[in-house]
Amino acid sequence: MNNLKTKVSLGLNLLVFALTVFAFVAMFTGFEFMGKIDVFSALGLSAFKFFTVDSKILAALTALVLAFFEADILRGKRTSIPKWLHLLSLAATTGVTLTMMVTVFFLAPTVTYNPLYLFANANLFMHLVTPLLCIVQFVFFERETKISFKESLWGVCPMVLYALFYVPNVFLHQVNGRALPEYDWYGFFFAGLNTGWIVMPLILLITWGFSLLLWFGNKKLAK
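Residues numbered from 1 in each chain as written. Predicted model: local features only at pLDDT ≥ 70, side-chain atom pairs only at ≥ 80, totals over all residues. Heavy atoms only, no water.

Asks: Is there a simple way to explain the nonpolar core in this structure?
Replies: For soluble globular proteins, nonpolar side chains are generally found buried alongside one another. Judged by nonpolar contacts, the single largest core of 43 residues is most densely connected at Met159, Tyr162, Tyr166, Tyr186, Phe188, Phe189 and Met200. Looking at this core, the elements with two or more residues in it are helix H1 (3-29), helix H2 (51-74), helix H3 (83-110), helix H4 (122-141), helix H5 (157-171) and helix H6 (196-221). Leave out the neighbours within four places in its chain, and tyrosine 162 touches Lys49, Phe50, Phe51, Asp54, Trp185 and Tyr186. Core analysis: the next-biggest nonpolar cluster, separate from the first, contains nine residues, Phe138, Val139, Leu214 and Trp215 among them. (Core = buried A, V, L, I, M, F, W, Y, C linked by side-chain atoms within 4.5 Å. Buried < 20%, exposed > 50% of the residue type's maximum accessible area, 1.4 Å probe, protein only. Helix = DSSP H or I, 4+ residues; strand = E, 2+ residues; numbered from the N terminus. Contact = heavy atoms within 4.5 Å.)

Asks: I tried to follow H4 on my own but got confused; where do I start?
Replies: Structurally, the α-helix is built with 3.6 residues per turn, so residues lying three or four positions apart point the same way. For H4, the principal kink sits at valine 129 and spans about 35°; a proline, proline 131, occurs within the next four residues. Burial of H4 is extensive: 14 of the 20 residues sit out of reach of the surface. (Bend = angle between axes of the 7 residues up to and from the residue.)

Asks: It is not clear to me how unusual backbone geometry should be interpreted in this structure. Could you clarify?
Replies: With the exception of glycine, most residues fall at negative phi, and the peptide bonds are largely trans. Phi is positive for asparagine 121, close to 55°, though the residue is something other than glycine. Take asparagine 121: it is sitting in the loop between H3 and H4. At lysine 146, a position not held by glycine, the phi torsion is positive, near 55°. Within the secondary structure layout, lysine 146 lies in the loop between H4 and H5.

As structure tokens, this is what we get:
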């Protein structure tokens, strides 16, 4: 990894961390710098119910660790980044890519309010800016990953863990086979709980698809 690419990657990782911290604080405190738009927002610990928040925290922490390793490379203290960190980076980037794509192609076309509200205030970073930065960093600047095709499955892990929380929570709060909207906040079970055996495997398959695209893009474009 040459010094220029390492420096750019380091800068992107630090930017991801800084913007995520800002968005996280804004959401937790209710700071609304683009007007009072309360969409996919929650104060305090309730914000952790959103995969958007959880995946950004993982991405921010991963970016910070990557930045430390890249700084060591620039100082000549190491020559490469360990594989486990590349796998973690793939998982984190896949997670934030999924949140952006779900927002753009599922939530935006189906909400009854102005879809631009999905990108207001903290969600501007949660749903758009941070995912794009993570994708650019991983695909173009995270070199020497040496991740195999099978190991691309690591990209699905964050969504699997989240599904273990989301799905039981939905099924425990339903009336006559219909999920209560306040517990199915992403609306994945809008057609009824009996669609769960199709919905969740489909989401996991789509997630793996994003992981594969990131893996393939990195192999082809980061060289």
